[in-house]
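Coordinates in review
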Amino acid sequence: MESVIVSSDFQSKIDQDANIEPKDSMPDAYREHLIRQISQHAHSEVIGMQPEGNWITRAPSLRAKQILLAKIQDEGGHGLYLYSAAETLGISRDEMIRQLHSGKAKYSNIFNYPALTWADIGAIGWLVDGAAIVNQVSLQRTSYGPYARAMVRICKEESFHQRQGYEIMTKMMNGTEAQKQMAQDAMNRWWWPSLMMFGPHDSDSPHSGNAFTWKIKRKSNDELRQKFIDKTVQQAEVIGLTIPDPELRWNETKQMYDHGEINWEEFKRVINGNGPCNRQRMEHHMHVHAEGAWVREAAEAYAKQQH
Ligand code: FAQ
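Every chain begins its residue count from 1, and numbering advances along the sequence as written. For a predicted model such as this one, the threshold for reporting local features is a pLDDT of at least 70, and the threshold for listing and counting side-chain atom pairs is 80 or more; totals across whole chains, interfaces and linings nevertheless cover every residue. To obtain the side-chain values, all non-hydrogen atoms of the structure were included, while hydrogens and water were left out.

**Concerning the packing of helix α6 (residues 118-139) against helix α7 (residues 145-173)**
Two numbers describe a pair of packed helices, the interaxial angle and the distance between the axes. Between α6 and α7, the shortest axis-to-axis distance is 7 Å and the interhelical angle comes to 150 degrees. Considering their axes alone, α6 and α7 lie roughly antiparallel with respect to each other. Between α6 and α7 lies a crossing of left-handed hand. Throughout, the ten residues Ala, Val, Leu, Ile, Met, Phe, Trp, Tyr, Cys and Pro are labelled nonpolar, Asp, Glu, Lys and Arg are labelled charged, and all others, Gly among them, are labelled polar. Across the contact of α6 with α7, the residue classes tally to 18 nonpolar, nine polar and two charged. Interaxial angles span 0 to 180 degrees and are taken between N-to-C directions of axes, which are lines fitted to C-alpha atoms, for helices over the stretch in contact. Helix and strand assignments come from DSSP, with helices taken as H or I runs of at least 4 residues and strands as E runs of at least 2, each series counted from the N terminus. Each angle gets one of four labels, with under 35 degrees taken as roughly parallel, over 145 as roughly antiparallel, 65 to 115 as roughly perpendicular, and the rest as oblique. When the near helix sits turned anticlockwise from the far one by under a right angle, the crossing is termed left-handed; a clockwise turn instead gives a right-handed crossing.

Dropping the structure here:
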């Protein structure tokens, strides 16, 4: 007889660090928590293609254009792995997109800021992908099998993205005075929103309690943010960029950087739909989704014909 995991076995499986798989029995709240997080993660990857896509036609060289194109395609691919992982929990792709369009599902705060110059493409790769990796390396050990496995592949690609961003910033910091200023300006605009990517402080994070009980999260929002800061400050120093935080200081006792407070009002404003580019991002997604309807219809008709 096929063994069925009963609910009481669910937590013991988690406690033993075993993965939960799609056919395992799981509490509704665990399923819903994951659908929320994984679908929001997927939406972030796909919406995240927009600020960078804006620069494909203006990349400064053929090499830069090829790398940027490959990176943006990777992000689309990450969205697809993640939508597939969420579908194993019983939600359809259509429903996830409806939730995105209605505003019920969020996506990362960071993609509501504009990419104004080529240095922003460097800052996105270096800081945004850098922050994403710190979070996603930890998620490789998340308790839900399909999500954990998607993270392994995504992390490999993100580390290439982070390096391409750092390469752009390094090149600009070795360039003319105007290029250096452009790189510093991008750093100034992307630093704080990148720190917000890790979510609110642990004490203000309503989902963290369950996320730890169920080992969806292995490290807290604040722990991961600190890890990112400690790693990134050193990289900034190597190429001569200044972190736009006058309170940033190495703390010898804690062996980590102390930093200034994040503007949580700005964070709330942005995730509630009122950031600089929220409307533009959603309108573009809705428009392109409607334009792609014929592709989905054709794929469905083809799949039916095969049965
Ligand atoms: N943005 O209780 P918590 C990338 C919301 S991928 C917007 O702490 P949780 C790759 C949160 O949803 C970037 N909303 O929540 C790339 C909740 O609201 P809700 C995406 C945020 O889930 C690079 C409320 O605040 N990565 O960048 C944010 O335990 C370049 C309370 O928060 C992921 O999604 C935020 N930053 O912890 C692509 C990683 N933070 O849902 C293209 C997976 C919090 O009740 C180009 N996700 N909120 O309405 C996670 O690890 C977690 O979901 C956290 C938040 C850590 C983001």
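**Re the site of the ligand**
Taken together, the neighbourhood of the ligand is formed by 34 residues, with Lys-106, Asn-109, Ser-205, His-207 and Lys-217 sitting nearest. Two N or O atoms form a polar contact when they lie within 3.5 Å of each other; inside protein one atom must be a possible hydrogen donor and the other a possible acceptor, and for residues adjacent in sequence the pair counts only when both atoms belong to side chains. Take Ser-205: an N or O atom from its side chain is 2.8 Å from an oxygen atom of the ligand. When isolated, the ligand has an accessible area of 1,100 Å², and the protein chains bury 90% of it. Put simply, the ligand lies in the largest pocket. Elements represented by at least two residues in the shell around the ligand include exactly α2 (28-47), α4 (62-87), α6, α7 and α11 (264-274). For the shell around the ligand, the element with the most residues is α2, which contributes six residues. A cutoff of 4 Å decides nearness: a residue is near a molecule or strand if any of its heavy atoms lies inside that distance of it. Calculation of accessible area relied on Shrake-Rupley with a 1.4 Å probe; when residues are assessed, cover is drawn exclusively from the protein chains displayed. The pocket and cavity definitions rest on a 1 Å grid over protein atoms only: a 1.4 Å probe that fits but cannot leave marks a cavity, an open set with protein on both sides within 12 Å along at least five of seven lines marks a pocket, and residues lining either have an atom within 4 Å of a point. To decide whether a molecule occupies a pocket or cavity, check its atoms: if more than half lie within 2 Å of the grid points, it is inside.

**So, the nonpolar core**
Each nonpolar core is a collection of buried residues, namely Ala, Val, Leu, Ile, Met, Phe, Trp, Tyr and Cys, held together in the definition by side-chain atoms within 4.5 Å. Relative accessible area decides the class of each residue, using a 1.4 Å probe on protein chains only: under 20% of the type maximum gives buried, over 50% gives exposed, and in between gives partly exposed. In this structure, Trp-118, Trp-126, Met-169, Trp-190, Trp-191, Phe-228 and Leu-241 are the most contacted members of the largest nonpolar core, which totals 51 residues. Those elements that provide at least two residues to this core are α4, α6, α7, α8 (177-196), α10 (221-239) and α11. If we ignore the near neighbours within four places in the chain, the residues touching Trp-126 are Gln-162, Gly-165, Tyr-166, Met-169, Met-187, Thr-232, Gln-235, Ala-236 and Leu-241. Membership of the second largest hydrophobic core comes to 25 residues, among which are Phe-10, Ile-14, Ile-35 and Ile-38. Any two residues having at least one pair of non-hydrogen atoms within 4.5 Å are treated as being in contact.

**Some remarks on the layout of surface pockets**
Of the pockets and cavities examined, the largest pocket occupies roughly 1,200 Å³. Along the walls of the largest pocket sit 47 residues, with Gln-40, Ser-108, Met-197, Phe-198 and Gly-199 positioned nearest its centre. Looking at the lining of the largest pocket, the elements that each hand over two or more residues are α2, α4, α6, α7, α10 and α11. No other element matches the nine residues that α6 contributes to the lining of the largest pocket. Class assignment for the residues of the lining of the largest pocket results in 17 nonpolar, 17 polar and 13 charged. Grid points are joined across faces, edges and corners, and a volume is the space filled by probe spheres set on the points. Counted as a void, the second largest pocket has a volume near 760 Å³. Forming the walls of the second largest pocket are 24 residues, and the residues nearest its centre are Val-46, Met-49, His-285, Val-288 and His-289. Within the lining of the second largest pocket, the residues separate by chemical class into eleven nonpolar, nine polar and four charged.

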